[in-house]
Amino acid sequence: MGERIHIDTANGRIGGWLALPDGVPRGGIVVIQEIFGVNAHVRNVVEGYARHGYAALAPALFDPVERDVELDYNAGGIARGRELVTEIGFDHALDGVRAAADVLKEKHLRVATIGYCWGGSLAFLAATRLALPSVSYYGARTMQFVNERAQAALLFHFGERDGSIPPADIAAISSAHPQADVQVWPAGHGFNCDMRADYDAASADKALAVTLEFLQRELG
């Protein structure tokens, strides 16, 4: 269902994985990767949202530093992913999100973002800096930006057993963004990813249902 495309950004051309639904799209979604790149899991997420009727696109945000990154969910993958996150930085990564959103807008679609882990914090920035409705899954780096004002609707998903996002951080995010929908599930970090040890199918399914309601509300 999906295909590789090229996306022109302020930092040069990057890759992306695009999936289109059967029929007219309900809207467009920029799917924002974890620290592991646009790997098989992220491509599956993109194609899943296409099956729900959305044009979905995951930009390969690491491409300006290293092309076609696909890391494993192990210690080595985590270490390299963290290095790449530092090398690319939030501003350059957000340029890739903006460019992906523009690709979807060129199809005359209303656009939202959905991000996971590192991408969850980028999704938050997409709401504060790009005015895009956004869904943030367990964005552990969000606290450094928590006082930025949202310019679009926000939905947060957290795991109550997530060691990287303590309850105090979730409370601070909720307090700083009282208009946001903050969901806390009985799961750990990465609970949406079926390639990770903390995958929790029940929480992932329930979070998806809430996310689809959010998209219906925000994109029509």
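The structure under discussion appears in the preceding block.
These figures come from a predicted structure and were not determined experimentally. (Residues numbered from 1 in each chain as written. Predicted model: local features only at pLDDT ≥ 70, side-chain atom pairs only at ≥ 80, totals over all residues. Heavy atoms only, no water.)

J.: Can you walk me through the state of the cysteines in this structure?
T.: What we call a disulfide is simply a covalent bond connecting the sulfur atoms of a pair of cysteines. All told, the structure shown has zero disulfides when counted by the stated rule. Left without a disulfide partner, Cys117 is nearest to the cysteine sulfur of Cys193, which lies 9.8 Å away. A relative accessible area of 0% means that Cys193 is categorised as buried. (Disulfide = S-S within 2.5 Å. Buried < 20%, exposed > 50% of the residue type's maximum accessible area, 1.4 Å probe, protein only.)

J.: What is the right way to read the nonpolar core from this model?
T.: Inside soluble globular proteins, nonpolar side chains tend to come together where they are buried. In terms of nonpolar packing, the biggest core is built from 77 residues, with Val31, Tyr49, Trp118, Tyr137 and Leu215 touching the most fellow members. Per-element tally for this core: the top contributor is helix 2 (residues 75–105), with twelve residues. Residues in contact with Leu215, not counting those within four places in the same chain, are Ile29, Tyr49, Tyr54, Ala112, Ile114 and Gly220. (Core = buried A, V, L, I, M, F, W, Y, C linked by side-chain atoms within 4.5 Å. Helix = DSSP H or I, 4+ residues; strand = E, 2+ residues; numbered from the N terminus. Contact = heavy atoms within 4.5 Å.)

J.: Can you walk me through helix 2 in this structure?
T.: An α-helical turn contains 3.6 residues, so any two residues separated by three or four positions project in the same direction. Given a rise of 1.5 Å per residue, 31 residues ought to cover 45 Å, yet the end C-alpha atoms of helix 2 are separated by just 38 Å, more than 12% below that figure. Along helix 2, the helix axis deviates most sharply at Gly89, where the bend reaches about 80°. If you check the start of helix 2, you find a side-chain oxygen 3.2 Å away from the backbone N of Gly76, and it comes from Asn74. (Expected span 1.5 Å × (residues − 1). Bend = angle between axes of the 7 residues up to and from the residue. Polar contact = N/O pair within 3.5 Å; in protein donor to acceptor, adjacent residues only side chain to side chain.)

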